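# Tertiary structure, described
Here are the chains, one letter per residue:
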Amino acid sequence: MGELNSLFMDATEKKAAILGEGFLYKFLEEGCMKSHFCVLTDKRVYVKGRYFHSTGRAYRVREGEYTIDVKDVTGSGFSTARFGFVFALGIAFVILLSVLAGFFLLFVEKVDHVYFGLQAIVSSCFIVMCIGLVAVPVCYLVRPFKIFVIEYTGGKIAFLSFELLEPDFRAFQQELYKAKDAFSPVASRRDGCADCPERKDADSAESLASPA
């Protein structure tokens with residue numbers, strides 16, 4: 001995993017988790033997915049490859065390298081989203097399939113000497129196209145994609161989530177919050193010197209709040 005360590009901003013950073021590690025780790029080791037991953041360290045989240053990014057309501061496909069400081073993470077979880085490019089691809093596929101079906105019927109007509117008639121071929125292609133043009137929008141509205149979202153100051157970054165990967169995604173989320181907790185004000189005060197005023201104030205408040 002030397003390629004991952006070379007991305008770290010700080011040589012002292014320690015890898016905490018890889019998104020989908022339980023399922024994808026062997027592929028990373030074997031070099032099949034070295035160019036697409038999301039790695040969590042004790043200080044930052046590193047993303048490389050293709051991901052979804054949003055600064056508002058809509059997600060857009062992005063590809064490259066992206067780094068988020070753990071202290072800037074504001075939340076994470078599972079959600080659903082619809083992608084316009086998927087809808088456009090579905091419509092394009094239906095049209096292409098209808099055209100190919102027409103050429104296939106013409107080919108069968110010439111090779112097998114079976115006469116369908118141009119009107120019958122056009123009608124068949126039109127019916128296939130109509131069915132597809134109804135099915136694509138219905139599927140688009142009824143079956144949105146499930147995504148895993150990491151929210152941070154300034155936007156959101158998301159990845160497609162599948163049932164097979166969900167346990168690994170939740171494990172990644174747990175490690176993310178552990179790293180996030182390390183940057184919390186309470187943790188920072190406790191990790192500081194014993195003589196600093198902030199530490200003394202925090203200890204005093206805790207002693208007063210605790211029952212005798």
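Attention in this report is confined to the structure presented alongside it. (Residues numbered from 1 in each chain as written. Predicted model: local features only at pLDDT ≥ 70, side-chain atom pairs only at ≥ 80, totals over all residues. Heavy atoms only, no water.)

### Here's the deal with the overall build of the chain
Worth spelling out the cut-off: Under the DSSP-based scheme used, a helix requires at least four consecutive residues in state H or I and a strand at least two consecutive residues in state E, with every element numbered from the N terminus. Accessibility here uses a 1.4 Å probe with only protein chains present; expressed as a share of the type maximum, an area under 20% marks a residue as buried, one over 50% as exposed, and anything in between as partly exposed. Note on definitions: a residue-residue contact is assigned when non-hydrogen atoms from the two residues lie within 4.5 Å. Accessible surface area values rest on a Shrake-Rupley calculation with a 1.4 Å probe, where residue burial reflects the displayed protein chains alone.
Along the backbone of the chain there are seven helices and seven strands. Listed N to C, the secondary structure of the chain is α-β-α-β-β-β-β-α-α-β-β-α-α-α in terms of helices and strands. The buried share of the chain, reckoned over its 212 residues, is 30%. Long-range contacts, defined here as pairs at least 24 residues apart, represent 62% of the contacts in the chain between residues at least 6 apart. Entry remark: accessible area of the chain is about 13600 Å², with carbon and sulfur atoms responsible for 62%.

### Structural notes on helix H4 (residues 118-142)
Spelled out, the test is: The span expected for a helix works out to 1.5 Å for each residue beyond the first.
Over its 25 residues, H4 extends 36 Å from the first C-alpha to the last, a length consistent with the 36 Å expected when each residue adds 1.5 Å. Taken residue by residue, H4 has Ile 121, Cys 125, Gly 132 and Val 136 as its buried positions. Turning to H4, the residues buried within the fold contact helix H3 (84-111).

### Considerations on the environment of Cys 125
Summarising the element assignment, Cys 125 is placed in helix H4. Residue class for Cys 125 comes out buried when judged on its relative accessible area of 13%. Taking the C-alpha atoms as reference, Cys 125 lies 9.2 Å from Ile 95; in sequence the two are 30 residues apart. Contact partners of Cys 125, with chain neighbours within four places excluded, come to Ser 98, Ala 101 and Gly 102.

### Section: the nonpolar core
Most often, soluble globular proteins have nonpolar side chains that are buried together. Selection criterion: Here the nonpolar core consists of buried residues drawn from Ala, Val, Leu, Ile, Met, Phe, Trp, Tyr and Cys, with membership extended through side-chain atoms lying within 4.5 Å.
Ranked by internal contacts, the top residues of the largest apolar core, which has 20 residues, are Val 45, Ile 150, Phe 159 and Phe 172. Among the secondary structure elements, those contributing two or more residues to this core are strand E2 (37-41), strand E3 (44-54), strand E6 (145-152), strand E7 (155-160) and helix H5 (166-182). Ranked by the residues each element gives to this core, the list is headed by H5, at four residues. Ignoring sequence-local partners within four residues, the contact set of Ile 150 consists of Val 45, Val 73, Gly 75, Ser 76, Gly 155, Lys 156, Ile 157, Phe 159, Phe 172 and Leu 176. Formed by seven residues, the second largest nonpolar core is a distinct cluster that contains Phe 52, Ala 81, Val 149 and Ala 158.

### A word on the packing of aromatic side chains
For clarity, the cut-off: Note on aromatic pairs: the rings of Phe, Tyr and Trp (six-membered ring only in Trp) are paired at centre separations within 6.5 Å, and the planes decide the class, stacked below 30 degrees, edge-to-face beyond 60, tilted for the rest. By definition, being over a ring means that NZ of Lys or CZ of Arg is both within 6 Å of the ring centre and within 35 degrees of the ring normal.
With the rule as written, the count across this model stands at eleven aromatic pairs. A network of ring pairs unites the aromatic residues Phe 52, Phe 83, Phe 85 and Phe 145 as a single cluster. Note that Lys 146 overlies the ring of Phe 78, its terminal NZ or CZ placed 5.0 Å from the centroid.

### Thoughts on the pairing of E3
This is how it is decided: Only strands joined by at least two bridges in the DSSP assignment are considered to pair.
With nine of eleven residues buried, E3 is to be regarded as a mostly interior element. Two strands pair when backbone bridges link them, and E2 and E3 are joined in this way by four bridges, in the antiparallel orientation. If you follow Phe 37 over to E3, its bridge partner there is Lys 48. Where E3 lies against strand E4 (residues 60-69), ten bridges are found, and the strand directions are antiparallel. Residue pairing for E4: Tyr 51 is matched across the bridge by Arg 62. Linking E3 back to E4 in an antiparallel pair, the connection comprises five residues.

### Notes on the pattern of salt bridges
Convention followed: Any Lys or Arg side-chain nitrogen located within 4 Å of an Asp or Glu carboxyl oxygen qualifies as a salt bridge.
Under the criterion given, the structure shown has seven salt bridges. A salt bridge links Arg 44 to Asp 69; the shortest N-O distance between them is 3.2 Å. A residue pair is termed long-range when its members are at least 10 positions apart, and Arg 44 in strand E3 and Asp 69 in strand E4 qualify at 25 residues. Among the ionic pairs, Glu 166 bridges to Arg 170, the shortest N-O distance being 2.9 Å.

### Things to note about the packing of H3 against H4
To keep it simple, the criterion reads: Angles run from 0 to 180 degrees between N-to-C directions of axes, and those axes are lines fitted to C-alpha atoms, restricted for helices to the stretch in contact. Working definition: roughly parallel below 35 degrees, roughly antiparallel above 145 degrees, roughly perpendicular at 65 to 115 degrees, and oblique for all remaining angles. Each crossing is labelled by how the near helix is turned from the far one, with a counterclockwise turn of less than a right angle marking it left-handed and a clockwise turn marking it right-handed. Under the grouping applied here, Gly and all other residues not named as nonpolar or charged are polar, the nonpolar ones being Ala, Val, Leu, Ile, Met, Phe, Trp, Tyr, Cys and Pro and the charged ones Asp, Glu, Lys and Arg.
Axis separation between H3 and H4 bottoms out at 9 Å; the angle between their running directions is 160°. Considering the angle they form, H3 stands roughly antiparallel to H4. The handedness of the crossing between H3 and H4 comes out as right-handed. Across from Gly 84, Phe 87, Gly 90, Ile 91, Val 94, Ile 95, Ser 98, Ala 101, Gly 102, Leu 105, Leu 106 and Glu 109 in H3, the residues of H4 making contact are Ile 121, Ser 124, Cys 125, Val 128, Met 129, Gly 132, Leu 133, Val 136, Pro 137 and Tyr 140. Along the lines of polarity and charge, the residues of the contact of H3 with H4 split into 15 nonpolar, six polar and one charged.

All we've got here are geometric facts, nothing functional implied.
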